[in-house]
Each structure stands twice: as structure tokens, then as C-alpha cells.
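Descriptive structure summary
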Amino acid sequence: MIPVHHYAYWITVLLLVLGLYIVIARGNLLKKLIGLSIFQTSVYLLYIGPGKLVGGTAPIVSEAFKLYSNPLPHVLILTAIVVGVATLALGLALVVRIRESYGSIEEDEILAADRAGEARA
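The rules we used
Residues numbered from 1 in each chain as written. Predicted model: local features only at pLDDT ≥ 70, side-chain atom pairs only at ≥ 80, totals over all residues. Heavy atoms only, no water. Patch = residues over 30% accessible without salt bridge, like charges linked within 9 Å, V, L, I, M, F, W, Y side chains within 5 Å. Areas by Shrake-Rupley, 256 points an atom, 1.4 Å probe, with all protein chains shown as cover. Salt bridge = Lys/Arg side-chain N within 4 Å of Asp/Glu carboxyl O. Helix = DSSP H or I, 4+ residues; strand = E, 2+ residues; numbered from the N terminus. Core = buried A, V, L, I, M, F, W, Y, C linked by side-chain atoms within 4.5 Å. Buried < 20%, exposed > 50% of the residue type's maximum accessible area, 1.4 Å probe, protein only. Contact = heavy atoms within 4.5 Å.

On the surface, a cluster of nonpolar side chains totalling about 350 Å² of accessible area is made up of Tyr9, Val43, Leu46 and Tyr47. If you tally residues by element for the nonpolar patch, the top one is helix H2 (residues 29-48), at three residues. Its place among the elements puts Tyr47 in helix H2.

Of all hydrophobic cores here, the largest spans five residues; its members are Leu29, Leu33, Val95, Ile105 and Ile110. For Leu33, the contacting residues outside a window of four places in its chain are Leu88, Gly91, Leu92 and Val95.

Another aspect to go through is the pattern of salt bridges. This structure, assessed with the given rule, holds two salt bridges. Taking the shortest distance from any N to any O, the salt bridge between Glu107 and Lys32 comes out at 3.5 Å. Placement of Glu107 in helix H4 (residues 107-120) and of Lys32 in helix H2 is noted, with a sequence separation of 75 residues between them. Given a relative accessible area of 17%, Lys32 falls into the buried group. The shortest N-O distance in the salt bridge between Arg97 and Glu100 comes to 2.8 Å. Of this pair, Arg97 and Glu100 both sit in helix H3 (residues 72-102), three residues apart, which is roughly one turn of the helix. Taken individually, Arg97 and Glu100 each receive the classification exposed, so the pair is uniform in this respect.

Keep in mind these numbers describe shape, not what the thing actually does.
Next up, the structure:
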């Protein structure tokens, strides 16, 4: 029986395994970048999940509020999303340059082209 109250963790593990599988099992560089993005999303969810408390409010000091949510995970994930988007943009730019150089974005074809180039040299 799966505990229902930990659904964020189960979704996190599912996304983590899915992203890792895509990165390992696929030879297409664009698909690998998509897998890394899914993997990153699972890490975001892992940090944000425990950061929200049911019934918690923003950390504003007042007599009316007794339970506060921690804002630190949300701030860290906001920064991680910006870094993730920049990393994805760099990865896409590298895939474009690899496509221009090798004529393919399939890992096997790129490695075969490199081996053929070494054999000629």
C-alpha cells in the first residue's frame, strides 16, 4: 500500500527515474537534453514539496499567525530554474553546433564519424 500523503515524493521519484532512463537509453542528443530537464524538474519538486506546510502562511510576524512556511526552498528553486534554463539554452546551442559539424545529432553516428576521422589521420 502506497502512502497517499507522500504523493510529491512518489512523483519526484517517478520523474527522476524517467529522466535518468531517457538520458541513458536514448542516443539522440536532443532527447538527452529533454531527459535532463525532466530530471531537473524532479529535483525542483523534491525541494519544494517539504517547503510548503498545510495551513502555513508567509513568514510575516504577527499575532494572528502561528504556523509559517519556509521561503528558502522556493527562493533556491527559483534560482535553480534560472540556472537550468541557461544550461538548457547552452546545451541546445551545442547540439546545433554539433549538427552543423557532424550532420547528425545521433550519438552513434557522431562517434562513428570521429572514429572514421581518426582512422584517416
